[in-house]
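What follows is the residue order along each chain.
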Amino acid sequence: MKEEIIMKLEKEFHRWDKYWLSLNETGKSKTLYANRTNKDELAHLWEWQRMAVARLEAALQNTEPDFSYWPDWVNPLSEDPTHIDNINEWIFKTNKSKSWDELYSLWKENFLKVIELGRKISEAKYQTKGLFPWLGDYTVHDVLLGSYNHYHEEHWPNVEGQK
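Residues numbered from 1 in each chain as written. Predicted model: local features only at pLDDT ≥ 70, side-chain atom pairs only at ≥ 80, totals over all residues. Heavy atoms only, no water.

## Some points on unusual backbone geometry
Note the following rule: Secondary structure is summarised from DSSP: a helix means a run of H or I of at least four residues, a strand means a run of E of at least two, and numbering begins at the N terminus for each. Relative accessible area decides the class of each residue, using a 1.4 Å probe on protein chains only: under 20% of the type maximum gives buried, over 50% gives exposed, and in between gives partly exposed.
A positive phi angle, near 40°, is found at Ala34, a position not held by glycine. Along the polypeptide, Ala34 turns up in the loop between β1 (31-33) and β2 (36-37). Classification of Ala34 by relative accessible area gives exposed; the value is 62%. One non-glycine residue, Asn62, lies in positive phi territory at about 55°. Checked against the element boundaries, Asn62 lands in the loop between α3 (38-61) and α4 (81-95). Asn62 gets classed as exposed once you look at its relative accessible area, which sits at 55%.

Have a look at this one:
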């Protein structure tokens with residue numbers, strides 16, 4: 001189960017990396033949806049990866065995740081669409097001034113870190129529900145699967161038609 005999701009994440013990384021590298025300056029600023037550009041999409045994906053990295057690092061170290069880079073009002077376990085919309089708006093505004101090159105570098109580093117950390121987590125920690133109170137009813141597998149689904153199911157359709 002663990003190796004399967006790691007392989008999917010690696011494949012997803014290569015697909016996105018190829019896409020990002022294929023964009024010229026016009027493509028980087030092209031609107032995908034709701035006035036969000038490829039650059040905004042890159043920032044969005046990177047910021048949400050930061051949460052996955054914090055969770056995976058905490059699982060490895062048996063500590064609480066460090067979400068200090070997020071505003072205090074962010075609830076990492078919230079699935080409320082309004083709360084998620086507010087987070088996404090914060091991401092958009094916070095990263096507007098970053099350059100493409102900076103965002104791409106941060107995105108790439110963090111995506112590869114998700115894969116690396118996922119590999120390091122033991123099978124026992126990987127599938128055990130309730131092991132980490134800060135994950136609620138979720139497992140470390142759910143963190144990796146959620147990352148994959150975020151890319152593959154939620155965001156790839158936004159860019160696929162733009163190529």
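## Concerning the packing of α3 against helix α5 (residues 100-120)
Note the threshold: Axes, fitted as lines to C-alpha atoms, cover a helix only where it is in contact. Angles between the N-to-C directions of the axes lie from 0 to 180 degrees. We call two directions roughly parallel when the angle between them is under 35 degrees, roughly antiparallel when it is over 145, roughly perpendicular when it lies between 65 and 115, and oblique otherwise. In this scheme, a crossing is called left-handed if the near helix is turned counterclockwise away from the far one by less than a right angle; it is called right-handed if the turn is clockwise. Each residue is assigned to one of three groups, with Ala, Val, Leu, Ile, Met, Phe, Trp, Tyr, Cys and Pro labelled nonpolar, Asp, Glu, Lys and Arg labelled charged, and all others, Gly among them, labelled polar.
Relative to each other, α3 and α5 sit at 30°, their axes nearing to 8 Å. Relative to α5, the element α3 is oriented roughly parallel. The handedness of the crossing between α3 and α5 comes out as left-handed. A class-by-class count of the residues in the contact of α3 with α5 yields 16 nonpolar, 4 polar and 5 charged.

## Considerations on α4
Selection rule: Multiplying 1.5 Å by the helix residue count minus one yields the expected span of that helix. The contact criterion used throughout is that any non-hydrogen atoms of two residues lie within 4.5 Å.
If you check α4, its first and last C-alpha atoms are 21 Å apart, about what 15 residues at 1.5 Å a residue would give, namely 21 Å. Among the residues making up α4, those that are buried are His83, Ile87, Trp90, Ile91, Phe92 and Asn95. Along its buried surface, α4 packs onto β2, α3 and α5.

## Observations concerning the nonpolar core
We apply this condition: Nonpolar cores were defined as sets of buried Ala, Val, Leu, Ile, Met, Phe, Trp, Tyr and Cys residues, with membership established by side-chain atoms within 4.5 Å.
With 38 residues, the main nonpolar core has Leu9, Trp16, Trp20, Leu56, Trp107, Val140 and Leu144 as its most contacted residues. Contributing elements (two or more residues each) for this core: α1 (2-22), α3, α5 and α7 (140-160). With 9 residues, the top contributor of residues to this core is α3. Aside from chain neighbours lying at most four places away, what touches Leu56 is Val114, Leu117, Gly118, Ile121, Val140, Val143 and Leu144.

## Re the packing of aromatic side chains
Threshold: Only centres within 6.5 Å qualify two rings of Phe, Tyr or Trp (six-membered ring in Trp) as a pair; their planes then separate them into stacked at under 30 degrees, edge-to-face at over 60, and tilted for everything else. Only Lys NZ and Arg CZ are tested; either one counts as a charge over a ring when it is within 6 Å of the ring centre and within 35 degrees of the ring normal.
With the rule as written, the count across this model stands at 17 aromatic pairs. Here Phe111 and Tyr151 contribute two aromatic rings whose centre-to-centre distance is 4.8 Å and whose plane-to-plane angle is 55°, an arrangement assigned as tilted. With Phe111 in helix α5 and Tyr151 in helix α7, this residue pair connects regions lying 40 residues apart in the sequence. Given a relative accessible area of 1%, Phe111 falls into the buried group. It is Arg36 that lies over the ring of Phe92; its NZ or CZ is 3.6 Å from the centre. Against the face of Tyr69 rests Arg50, its NZ or CZ located 3.9 Å from the ring centre.

So far we have only geometry, and geometry alone does not tell us how the molecule works.
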